Amino acid sequence: MVLWSTLLTAVFGLPIGVLLVTTGRGGLTPLPALNAVLGAVVNIGRSLPFIVLMVAILPFTRLITGTTIGTVAAIVPLTLGAVPFYARLVESAVRGVSREVVEAAQAMGARRVTVVLKVLLPETLPALVAGLTVTVVALIGYSAMAGAIGGGGLGDLAIRYGYQRFDTTVMVITVVLLIVIVQLVQSLGDLLARRLSHR
C-alpha cells in the first residue's frame, strides 16, 4: 500500500508543486486563475482528516478499483491524501531556489521547461527527497488508519487481532513494527538527502 501510494504521490505531487510555483506571481509562467484553482484544491485536500477523506471518497474508490476494502482499494485514499501534502512540500522546496540562478539560466537562452528540468529540480533534489521521506512516514500512519475500515496492513492486524481480541502482545508487536519501519524509512531518506546535497 505504502509503496504504490508513494510512487503515485511522487508522480502527481511533484508536477502540482512545481506548477504552484511556476504559475504563481513572479513565476516562470504566471497564470493567476490556474494557480488559484490549484492552490484551492491542494488546501481542501490538506484540510480533510484522512479518516474523513477515506470514507468520503468510497464511491470514487469503488469506481477506480471495483471494491472499497483491501490493500488495493486503500491505495486510492492514501494517494489522494498524500498528494496535496507532498505538493506543498515541493512548492516550498522549489521556492527556495535563488531567483538569480533562474535568471542566469534564462539569460543563457534556457526555455521554461529547461529551467524546470535542469535548474529547479536538480537544485531542490535533496529537499524533494526529504519531503518525500516525510510523506512516506505520514503514509505509514495513514495506512495504519486504513486498517480501521478494512484496508488491510498492520492497522488491520492491530485492530482485528489485537484490539478486538484483547491481545496485548499483537498490539505491542504491531506498534514496535510500525516504529521500526518509520525509523528505517526516515534514516534511509535522511541518508539519501545528505548524499544528494554533497554531490
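Everything numeric here is computed off the predicted structure, so don't read it as measured data.

Reading the values: the criteria
Residues numbered from 1 in each chain as written. Predicted model: local features only at pLDDT ≥ 70, side-chain atom pairs only at ≥ 80, totals over all residues. Heavy atoms only, no water. Helix = DSSP H or I, 4+ residues; strand = E, 2+ residues; numbered from the N terminus. Buried < 20%, exposed > 50% of the residue type's maximum accessible area, 1.4 Å probe, protein only. Areas by Shrake-Rupley, 256 points an atom, 1.4 Å probe, with all protein chains shown as cover. Lys, Arg positive; Asp, Glu negative; His and termini not counted. Charge placed at Lys NZ, Arg CZ, Asp CG, Glu CD. Core = buried A, V, L, I, M, F, W, Y, C linked by side-chain atoms within 4.5 Å. Contact = heavy atoms within 4.5 Å. Phe/Tyr/Trp six-rings, centres within 6.5 Å; stacked < 30°, edge-to-face > 60°. Axes fitted to C-alpha atoms, helices over the stretch in contact; angles between N-to-C directions. Parallel < 35°, antiparallel > 145°, perpendicular 65-115°, else oblique. Left-handed = near helix turned anticlockwise from the far one by under 90°. Nonpolar A, V, L, I, M, F, W, Y, C, P; charged D, E, K, R; others polar. Salt bridge = Lys/Arg side-chain N within 4 Å of Asp/Glu carboxyl O.

Caption draft 1: Broad picture of the overall build of the protein. Summing up its helical and strand segments, the protein has nine helices and zero strands in all. Each helix (α) and strand (β) of the protein, taken in turn from the N terminus, gives the series α-α-α-α-α-α-α-α-α. In terms of its C-alpha atoms, the protein occupies a principal-axis envelope of roughly 65 × 40 × 25 Å. Across the 199 residues in the protein, those meeting the buried criterion constitute 37%. Accessible surface, the protein: about 11200 Å² in total, of which carbon and sulfur atoms supply 69%. Side chains of the protein give 14 positive and 7 negative charges; the mean places of these two sets differ by 7 Å.

Caption draft 2: Structural view of the nonpolar core. Counting 16 residues, the largest nonpolar core has Val 115 and Leu 120 as its most contacted members. Only helix H1 (2-22), helix H5 (71-95), helix H6 (99-107) and helix H7 (112-146) provide two or more residues apiece to this core. Ranked by residues supplied to this core, first place goes to H7 with six residues. Among residues more than four places away in sequence, those in contact with Leu 120 are Thr 22, Leu 28, Val 94, Val 97, Val 102 and Val 115. With eleven residues, the next largest nonpolar core counts Val 76, Leu 78, Leu 139 and Tyr 142 among its residues.

Caption draft 3: Main features of the packing of aromatic side chains. Here the structure, examined in full by the defined rule, presents one aromatic pair. The interplanar angle of 5 degrees and the centroid separation of 4.6 Å between the aromatic rings of Phe 50 and Tyr 142 together place this pair among those described as stacked. You can see Phe 50 sitting in helix H3 (residues 50-56) and its partner Tyr 142 sitting in helix H7, a full 92 residues away along the chain.

Caption draft 4: Here's a closer look at the packing of H1 against helix H2 (residues 32-47). Two elements in contact, H1 and H2, have axes whose closest approach is 9 Å; the angle formed by their N-to-C orientations is 135 degrees. Classified by the angle their axes make, H1 and H2 are oblique. Our pair here, H1 against H2, has a crossing hand that is left-handed. Here H1 contributes Ile 16, Leu 19 and Leu 20 to the contact with H2, which in turn contributes Asn 35, Leu 38, Gly 39 and Val 42.

Caption draft 5: Layout of the side chain of Thr 9. Residue placement: Thr 9 occurs in helix H1. When residues no more than four places from it in sequence are discounted, the contact partners of Thr 9 are Leu 14, Thr 79, Ala 82, Val 83, Tyr 86, Thr 135 and Leu 139.

Caption draft 6: Summary view of the packing of H7 against helix H9 (residues 168-197). As a packed pair, H7 and H9 sit with axes 8 Å apart at the nearest point and diverge in direction by 170 degrees. Classified by the angle their axes make, H7 and H9 are roughly antiparallel. Residues Leu 125, Pro 126, Val 129, Ala 130, Thr 133, Val 136, Val 137, Ile 140 and Ala 144 of H7 lie in contact with H9, whose contacting residues are Leu 178, Ile 181, Val 182, Val 185, Gln 186, Gly 189, Leu 192, Ala 193, Leu 196 and Ser 197. Residue composition of the contact of H7 with H9, grouped by class: 15 nonpolar, four polar and no charged.

Caption draft 7: Local environment of the side chain of Thr 135. Following the sequence through the fold, Thr 135 ends up in helix H7. Its relative accessible area of 1% is what places Thr 135 among the buried residues. When neighbours within four sequence positions are excluded, Thr 135 is seen to be in contact with Thr 9, Ala 82, Phe 85, Tyr 86 and Leu 89.

Caption draft 8: Broad picture of the pattern of salt bridges. In total, this model carries three salt bridges according to the counting rule given. A salt bridge links Glu 91 to Arg 88, with the shortest nitrogen-to-oxygen separation between them at 2.6 Å. Residue Glu 91 and its partner Arg 88 are located together in helix H5, separated by three residues, close to a single helical turn. Each member of the pair Glu 91 and Arg 88 is classed as buried. Arg 99 is paired through a salt bridge with Glu 103; the nearest N and O atoms lie 3.4 Å apart.

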